[in-house]
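Given next are the chains, with one letter for each unit.
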Amino acid sequence: LPDYSSTVYKLSVLQRKLEWTSPYHMPQSRHWNGCIVELNNTQLNIYQCPLTLDDPLLQKVKVQSSYSSQNSHSLLHPYHHQQLSIRNGTISAFTNLESRPYNESQYISNYTTKTDLQALKTFKSLHLLDSTNIVRSYSLQYGKVGLAIDYKKKDFVLRLRLECEEFILEFPCSEAIIEWYNAIT
């Protein structure tokens, strides 16, 4: 079989608020939680983030836009061809179960930025992307995604309805929300 490569891969620390646990039930707790959000093709994974958003470690992997030439691996950016030379490199990271290297080129896609790869390296080294840390994994099949224009308390909010649950994600800037929307749809 040919080597696997991701068509879409994004990773970021975002704020998440659960609005509905089913079409008829609101959650008991409806407050914003910091979480690590990973988009891997048609799967959206939500991980616990034990770090606060002010943590210096998270400031290193702060969400940036691929429209910045310093951050671009994205084919959306006109200078992408200069940035894709990293595809041949491998980086060692360790999981809780066993120590094995992962190949960074498996995570590079049209929507992946340098910040996504930096976050991946950091979170894997801290074991934050382990299966024991996952809050919920969603399939994007039959999902609905759109801007939460009726939510007035925060700017740059995306609403997702996946597998009967509805939640909103807060992004730090308009470029980030556009990138994630394009990657999800």
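Here is a short report on the structure shown in this document. Since this is a predicted model, take the numbers as computed values, not measurements.

1. A closer look at the overall build of the chain
What the chain contains, in helices and strands, is 4 helices and 7 strands. Starting at the N terminus and ending at the C terminus, the chain contains elements arranged as β-β-β-α-α-α-β-β-β-β-α. Burial analysis of the chain (185 residues in total) assigns 45% to the buried set. Restricting the contact set of the chain to residue pairs at least 6 apart, pairs at least 24 apart contribute 59%. Of the accessible surface of the chain, which amounts to about 10400 Å², a share of 51% is contributed by carbon and sulfur atoms.

2. Considering helix H3 (residues 114-125)
Over its 12 residues, H3 runs 17 Å from end to end, which matches the ideal 16 Å to within 8%, given 1.5 Å per residue. Of all the positions in H3, only Thr115, Asp116, Leu117, Ala119, Leu120, Thr122, Phe123 and Lys124 are classed as buried. Just beyond H3, the residue with positive phi is His127, at close to 65°.

3. Overview of the sheet that holds strand E2 (residues 33-40)
With respect to topology, 7 strands assemble into an open sheet ordered E4-E3-E2-E1-E7-E6-E5, the strand pairing being antiparallel. Edge strands, defined here as strands with exactly one partner in the open sheet, are strand E4 (134-139) and strand E5 (144-147). Mean inter-strand twist for the sheet, computed between neighbouring axes without regard to direction, equals 30°. Examined bridge by bridge, E5 and strand E6 (residues 157-162) share 4 bridges and lie antiparallel to one another. Of the residues in E6, the one forming a bridge with Val145 is Leu160. Set on the sheet, H3 makes contact with strand E1 (9-20) and E2; between it and E1 the angle comes to about 80°.

4. Re the packing of aromatic side chains
Two numbers describe a pair of aromatic rings. These are the distance of the centres and the angle of the planes. Taken as a whole, this structure holds 4 aromatic pairs when the rule is applied. On the numbers, 5.9 Å between centres and 70° between planes, the contact of Trp32 with Tyr151 is edge-to-face. Highlighted residues: Trp32 in the loop between E1 and E2 and Tyr151 in the loop between E5 and E6, separated in sequence by 119 residues. Each member of the pair, Trp32 together with Tyr151, is buried.

5. A few points about the state of the cysteines
As enumerated under the stated definition, the model contains 0 disulfides in all. Cys35 supplies the cysteine sulfur nearest to Cys49, a cysteine that is in no disulfide, at a spacing of 7.8 Å.

6. A look at the pattern of salt bridges
What the rule picks out here adds up to 10 salt bridges. Residue Glu179 is joined to Lys10 by a salt bridge in which the shortest nitrogen-to-oxygen separation is 2.9 Å. Of the two residues, Glu179 sits in helix H4 (residues 174-184) while Lys10 sits in strand E1, which places them 169 residues apart along the sequence. Across the pair, exposure class does not vary: Glu179 and Lys10 are buried alike. Note that Glu170 is salt-bridged to Lys154, the shortest N-O span being 3.3 Å.

7. Remarks on the nonpolar core
Val37, Leu39, Leu44, Leu160, Phe167 and Phe171 are the most contacted members of the largest nonpolar core, which totals 22 residues. Contributing elements (two or more residues each) for this core: E1, E2, strand E3 (43-48), E6, strand E7 (165-170) and H4. Broken down by element, this core gets its largest block of residues, 5 residues, from H4. Aside from chain neighbours lying at most four places away, what touches Val37 is Lys10, Leu11, Ser12, Leu14, Leu44, Asn45, Ile46, Leu169 and Trp180. Ranked by size, the runner-up nonpolar core spans 14 residues in total, among them Leu11, Tyr107, Ala119 and Leu120.

The rules behind each value
Residues numbered from 1 in each chain as written. Predicted model: local features only at pLDDT ≥ 70, side-chain atom pairs only at ≥ 80, totals over all residues. Heavy atoms only, no water. Helix = DSSP H or I, 4+ residues; strand = E, 2+ residues; numbered from the N terminus. Buried < 20%, exposed > 50% of the residue type's maximum accessible area, 1.4 Å probe, protein only. Contact = heavy atoms within 4.5 Å. Areas by Shrake-Rupley, 256 points an atom, 1.4 Å probe, with all protein chains shown as cover. Expected span 1.5 Å × (residues − 1). Pairing = 2+ DSSP bridges. Axes fitted to C-alpha atoms, helices over the stretch in contact; angles between N-to-C directions. Phe/Tyr/Trp six-rings, centres within 6.5 Å; stacked < 30°, edge-to-face > 60°. Disulfide = S-S within 2.5 Å. Salt bridge = Lys/Arg side-chain N within 4 Å of Asp/Glu carboxyl O. Core = buried A, V, L, I, M, F, W, Y, C linked by side-chain atoms within 4.5 Å.

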